Amino acid sequence: MRHLLSTADLSHAQALSILDTAEEMAAVSTREVKKLPTLRGRTVVNLFFEDSTRTRISFEAAAKRLSADVMNFSAKGSSVSKGESLKDTVQTLEAIGADAIVMRHWASGAAAQLAASDWTDCAVINAGDGTHEHPTQALLDALTLRRGWSAAQGQDPRGTDLTGMRVLIVGDILHSRVARSNIWLLRTLGADVGLVAPATLLPVGVEKWPVNVYYSLDEALGSGPEAGPDAIMMLRVQAERMGGAYFPTAAEYTRRWGLTDERLARLEAHRGAAGQRPMILHPGPMNRGVEISAAAADSPMNQVLDQVSHGVSVRMAVLHLLLSSSERNTA
Amino acid sequence: MTRSPETSHVMSASDMDRALTRIAHEIVESHRGVEGLLLLGIPRRGTILARRLGERLARIDPAFDPEQAIGSLDITLYRDDLRAHGARTPEPTKIPGAGIDGATVVLVDDVLYSGRTVRAALDALQALGRPAVVRLAVLVDRGHRELPIRSDHVGKNLPTSRDERVSVLLDEVDRVPRSEEAVVIQRGRASQAGER
Amino acid sequence: MRSTPTAATLILGALPYGEAPEDVLIAEGRIAAVGPDARIQAEQLQEVTTIEAAGLIMLPGMVDLHTHLREPGREDAETVETGSRAAAKGGFTAVHAMANSSPVADSAGVVEQVHRLGRASGWTEVYPVGAVTVGLAGERLAELGAMAESSAQVRMFSDDGMCVHNPVLMRRALEYVKTVDGFIAQHAQEPLLTEGAQMNEGDVSAVLGLPGWPAVAEESIIARDVLLAQHVGSRLHICHVSTAGSVEIIRWAKERGIDVTAEVTPHHLLLTDELVRGYDPVYKVNPPLRTGADVEALRAGLADGTIDIIGTDHAPHPTQAKECEWSAAAMGMTGLETALPVVIKTMISTGLMGWRRFAEVTSIKPAQIYRHAHQGRPLKPGEPANLILVDAGATQTVDPAGHASKGRNSPFRGMELPGAVRATFLQGHPVVLDGELNSPLSEAAARAAEQSQVQS
């Protein structure tokens, strides 16, 4: 593996390798010394063309725990906003001595273009590109889901996948890079994936995806305690989608697709095959009262804080695997 | 199993058994008992050898509790030669409940070569706590050290050249029957620092 | 060296329309003789250049109704001179320069300038297309009459790049061009359905997370406009048809006797949206690359006559316009120098059509649509000598660096394509010989030819 651009590129073995490595990385953060010498002398650049403090800090923490040098390049207010091209920016970073570029970009495909170009030899990690993918978010979600799924079955998570797990992804699938990355990865790991959204927020051609599609969240939640999902992932509703363009009002969205107190109660009543409660995930930041009620946001079933700490572990794993890759050095 | 004619056996299964038994006795003798003793195997073969040593220690002194005194220490993330060898998924590091502080830690590995693995293991130990003493037990010492490191307990000293490869074949990893476990040397293959 | 049209050329053994070999004598800008007469007449002439053309196919010079020459305004992308050279090398003896220059070709002044530049270059005939609306803004009609009466004598009007989306304005434009014996070439793209659109909307866009460009945005405009054209009894031309549904609608309109013609680009005959998966902006184009099923329907439509002509939509861009993020990149591809090989690959090599039909779609029909009297003519004595020699057996690997166009944005880069233009004769003068640019036609000769065209 030379770059991480899309979860669609990950084989089952590669995905497990990242998740298993992330488990070891998580163990490191419980040690007295939370730092590893693995990437000493390496330089990781966080190149952010779009604000995302959470993702940037997570990558920064991951790189620092691996003893890499970290440079943050925010394209806002820099020469980039004065019309400097991606090519020139990246070549500058290469000249400074970067080994890996973690890139968040507003344009779908920007990371893939960078990896395919001859502008740089750096390892490229896609930290979210437009409405395309956000692979490390999907990996941290998978790490979270696998913890819960293996614990319910009394297993060590290492080496296991999500075979048989039912996961619902609810919300704006059309514009969500998180959803795309999750769908491909969850399928690779053997989970059953259901998408729940108004038809306006589902891409044309979704019927060919290896998922079940529901227009109704209530239908997707099923009836009877055995029928429910093992996990439900609530996507953030972007403010610009409201106001009549994709659905009539925020209130109507909440009524039909929100994780309300009533639906939370139904979820609480669900029990998985091993008697476990469903997990609630959200990539954050949550819109309380829109896609998720305050009670659901604060529920013990909600994994949102675990997701954040798993984000650091997964990003450590990805940086380790990419930057120590022999492929890269013999290339 | 078929092997190339370049391969020769240097230890048989029974040689290995005897060597481990001897090392177990040496450990008890040098530590004067088993109290405060912690065996940490370096994955993957070191972990298996540590377990086998532990069985022998428990036979020598029933006060040795394998549950509490055997663990594993993965050193992947502490290596200084990843660039040359490429990343692999780390194996689990398992430290028994009491931790390593104040313990006599015996690091267990299959082959001692350049010493870089042991150096990485010492770094990894430092991140975990502060043992009272650290010792090293290996099944084979094949020489060619690149660092000032020596082993305290050696199953067999094996003079080799750098273009040879030493392999310890174990039931659990290499799927050979227990009775056909062996240490073998393969010739004619350039080996790199850090390799066995 | 600027030669005069009086120089004569004897072409030996070429295959007109790929049929039986004939000798052809060109003199004084016209085909003087075809067959045994050619050698006999040539012996009477003082100065005759002889070209051995055994095995080369002779075809009428290609006519492109859809070219972007970028001048005035974007001379860094292309000029009339460089675009004309590219046209000549590609086998085009006439091109029609779309109006989306800067300033827009929406006045007599701009169209006369482009026309003048074309005549000065002398590599191909350049006919400016007039804008339908002022500044391509889609709000009010440009001075179509003034452009028609200018020295450029514009007959074709298009807001290409933009759609004349306002139905009332489109109706008025269709009606108004009747008064100047012109026609409207519509860029069919419903703007609200394609706001921010980046690629064909379908399975690939869903995975790539690029805003989709639905086929219906094209088809709904075509459906509306054929009905409008029928209602007001005007001539309508549809630019760069790209979807199977559009072919169906045009077929239906033609069956109803509506006076509509349609064009397809070479790239839409060969490439699909699968190529977008790598996010290389060289594949970004308007209308977007569609699916394999669309490609099949376009080929079938071109073969059966539903689609009338090939239009290149040659759209050169400077490097930096393509060396950037997909969504920031410019739309368009170069096409003049690859049109012939791509049409051979997609239509001739596949057995979908022969050389007679090739001549129709690349030359005869586009000339008829514009009502040119001297282009797209039969290969017969007395006809203007606008013709090309094609080596159908050659293969070439596309290398944009070797193109005469300034644009390097060829989506066919690295592809091995069949067929090569060996010679292009513009009004009897060899502007291309041995596959390389020879010399342009003198301005005086070009003017003289134009005069004779007016008289004919």
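Residues numbered from 1 in each chain as written. Chains lettered and ligands numbered in written order. Predicted model: local features only at pLDDT ≥ 70, side-chain atom pairs only at ≥ 80, totals over all residues. Heavy atoms only, no water.

## A closer look at the environment of H3 of chain A
- Its location among the elements puts H3 of chain A in the segment before α1 (12-28).
- Among residues more than four places away in sequence, those in contact with H3 of chain A are A115, C122, A123, V124 and L322 of chain A. (Helix = DSSP H or I, 4+ residues; strand = E, 2+ residues; numbered from the N terminus. Contact = heavy atoms within 4.5 Å.)

## Details of the domain arrangement of chain A
All names here are of chain A.
- When the domains of chain A are assigned, the result is domain 1 (7-133 + 311-324) and domain 2 (135-308).
- Here domain 1 and domain 2 have C-alpha centroids that lie 26 Å from each other.
- With 33 residues of domain 1 at the contact, the number on the domain 2 side is 28 residues.
- Taken together, the two surfaces of domain 1 and domain 2 that pack against each other cover about 2,500 Å², and 59% of this comes from carbon and sulfur.
- Of all residues in domain 1, T7, L19 and E23 give up the largest surface area on contact with domain 2, accounting jointly for 24% of the area buried on that side.
- Taken together, domain 1 and domain 2 are joined by 4 salt bridges.
- The shortest N-O distance in the salt bridge between R147 and E23 comes to 2.8 Å. (Domains from an automatic or database assignment. Buried area = accessible area lost by both parts, 1.4 Å probe. Salt bridge = Lys/Arg side-chain N within 4 Å of Asp/Glu carboxyl O.)

## Some words on the pattern of salt bridges
- Across all of its chains, the model carries 43 salt bridges over all chains by this definition.
- Close ionic contact of E146 of chain B with R162 of chain B constitutes a salt bridge, the shortest N to O distance being 3.6 Å. With E146 of chain B in the loop between β5 (133-141) and β6 (153-157) and R162 of chain B in the loop between β6 and β7 (165-169), this residue pair connects regions lying 16 residues apart in the sequence.
- Given a relative accessible area of 27%, E146 of chain B falls into the partly exposed group.
- Across the salt bridge formed by E81 of chain C and R85 of chain C, the nearest N and O atoms sit 2.8 Å from each other. (Buried < 20%, exposed > 50% of the residue type's maximum accessible area, 1.4 Å probe, protein only.)

## Points about the sheet that holds β7 of chain B
Residues and elements named next belong to chain B.
- The antiparallel open sheet is built from 3 strands, whose spatial order is β1-β8-β7. With partners counted over all chains shown, the strands left at the sheet margins are β1 (7-11) and β7, one partner each. Looking at each pair of strands side by side, their axes are set apart by 30 degrees on average, direction ignored.
- Note: β7 against strand β8 (residues 182-186), 5 bridges, orientation antiparallel. What sits directly across from V168, in β8, is V183. (Pairing = 2+ DSSP bridges. Axes fitted to C-alpha atoms, helices over the stretch in contact; angles between N-to-C directions.)

## Quick notes on the environment of F412 of chain C
Residue and element names in this part refer to chain C.
- Position of F412 relative to the elements: it lies in the loop between β16 (387-397) and β17 (416-426).
- Looking at F412, the relative accessible area reads 1%, which means it is buried.
- Each C-alpha atom, one on F412 and one on S220, is 30 Å from the other, the two residues being 192 residues apart in sequence.
- Those residues in contact with F412, other than ones at most four positions away along the chain, are H267, L270, L271, T338, V342, V398 and L417.

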